[in-house]
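Fold and contact review
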Amino acid sequence: MKKIVKMMAVLGLLSGLFGVVATRTLEVKAEAANAETKRVWLHTTYVSWWDGDLANALVGVHYWGGTSGSDWAGVQMSKDNANNLWYFDVPSDTTTVKFTRIKVSDPTAEPFNKSVNTNLPVNPNLSRFELWNDIVNGEQGGAWVDFTPATTTAVSAFAATIDTDAEACSVKAAQAAIDAYNDLPTFEQNQYAALLVGGGKTGMDRLNYLKDFYNINTPIGSSVSGRIPSSDNSATATLIISALGVSSLAGYYFISKKKLFG
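Residues numbered from 1 in each chain as written. Predicted model: local features only at pLDDT ≥ 70, side-chain atom pairs only at ≥ 80, totals over all residues. Heavy atoms only, no water.

Some details on helix α6 (residues 203-213)
Quick note on the threshold: Each residue is placed in one exposure class: buried if its accessible area under a 1.4 Å probe, protein chains only, is under 20% of its type's maximum, exposed if it is over 50%, and partly exposed if it falls in between. Numbering of helices and strands starts at the N terminus; helices are DSSP runs of H or I of at least 4 residues and strands are runs of E of at least 2. Along the arc lie the directions from the helix axis toward the C-beta atoms. Throughout, a residue-residue contact means that at least one pair of heavy atoms, one from each residue, lies within 4.5 Å.
Among the residues making up α6, those that are buried are Gly203, Leu207, Leu210 and Lys211. All buried residues of α6 lie within an arc of 100° about the axis, which places them on one face of the element. Seen from the open side of α6, the exposed residues pointing more than 90 degrees away from its buried face are Tyr209, Asp212 and Phe213. Close packing links the buried residues of α6 with α2 (153-160), α3 (165-168), α4 (171-183), α5 (186-194), β10 (196-198) and β11 (201-202). Immediately downstream of α6, the backbone of Asn215 shows phi near 55°, a positive value.

Here we look at α4
Filter applied, for reference: In a helix, the anticipated span is given by 1.5 Å times the number of residues less one.
The terminal C-alpha atoms of α4 lie 18 Å apart, and with 13 residues this matches the ideal 18 Å at 1.5 Å per residue to within 8%. Within the sequence span of α4, burial applies to Ala173, Ala174, Gln175, Ala177, Ile178, Tyr181 and Asn182. On its buried side, α4 packs onto α2, α3, α5 and α6.

Regarding unusual backbone geometry
In terms of backbone geometry, most residues other than glycine have negative phi values and most peptide bonds are trans. Along the chain, Trp72 connects to Ala73 via a cis peptide bond; the corresponding omega equals 15°. Residue placement: Ala73 occurs in the loop between β2 (57-64) and β3 (75-76). Despite not being glycine, Asn84 shows a phi value in the positive range, around 55°. Despite not being glycine, Asn215 shows a phi value in the positive range, around 55°. When its relative accessible area of 63% is taken as the criterion, Asn215 is described as exposed.

With respect to the environment of Val40
Tracing the sequence through the fold places Val40 in strand β1 (residues 37-43). According to the relative accessible area criterion, Val40 is buried, its value standing at 0%. For the pair Val40 and Asn125, spaced 85 residues apart in sequence, the C-alpha separation works out to 6.6 Å. Setting aside residues no more than four positions away along its own chain, Val40 makes contact with Met77, Trp86, Tyr87, Phe88, Val90, Val97, Phe99, Leu120 and Trp144.

Remarks on the environment of Trp41
Quick reminder of the rule: Two N or O atoms form a polar contact when they lie within 3.5 Å of each other; inside protein one atom must be a possible hydrogen donor and the other a possible acceptor, and for residues adjacent in sequence the pair counts only when both atoms belong to side chains.
Tracing the backbone shows Trp41 in strand β1. Judged by relative accessible area, Trp41 falls into the buried class, the value being 0%. Once the C-alpha coordinates of Trp41 and Glu130 are considered, the two residues, 89 residues apart in sequence, prove to be 8.8 Å apart. For Trp41, the side chain forms a polar contact with the main-chain oxygen of Asn125, separated by 3.1 Å.

This is how it looks when you write it as structure tokens:
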């Protein structure tokens, strides 16, 4: 009988230790968030031909100066109709960009046109690079100009998916809303978070309400799945499992001591 109890104690101890390791792994995953980015805006109104032949020449941006950069001749930018600007979200430590007209037939070749190199302003989210008609050493000139972005098309579309009870009021819908928000780039996450959505509430107020009301574990602003517990839950589970492991060890010690001195 003592052997069985001893074996159970050892198994309990091992389970506790493995549980701690497993929970720690989940906790690390729960803290892994989307990489932070910053937005680069491009204004082409003064040089209308820059985006006038999209079938053959893509609007692109080449970026570098941080821990990662793009391959030449850059990456394709997207159009935000609400602001009538082109944009791309670069890593947060990017320092320098060059705008290009990428050849659709050969994206890695020398582009049709390119701008001068330009260092990003302190807050590129609130600045746009305006291309000018003047040429500097064969490259298109321009300058950064401050502006206040309107609510982007993407943020408006996201807000519209959870602006009624029918769209948001269920566990599935609330989880989908948080997951969709987490998939947005940093600029649009921040823009929606501050957006007034009615009743004096912001977008972040709404997301936090849905998260708390439906007891959703997914951290807001993270790429983590809802199936992974939050760091708070992981910490609690770790303490419980650790306590079980310690209790098992104490039981094993007690049995061993009784055998020696009994």
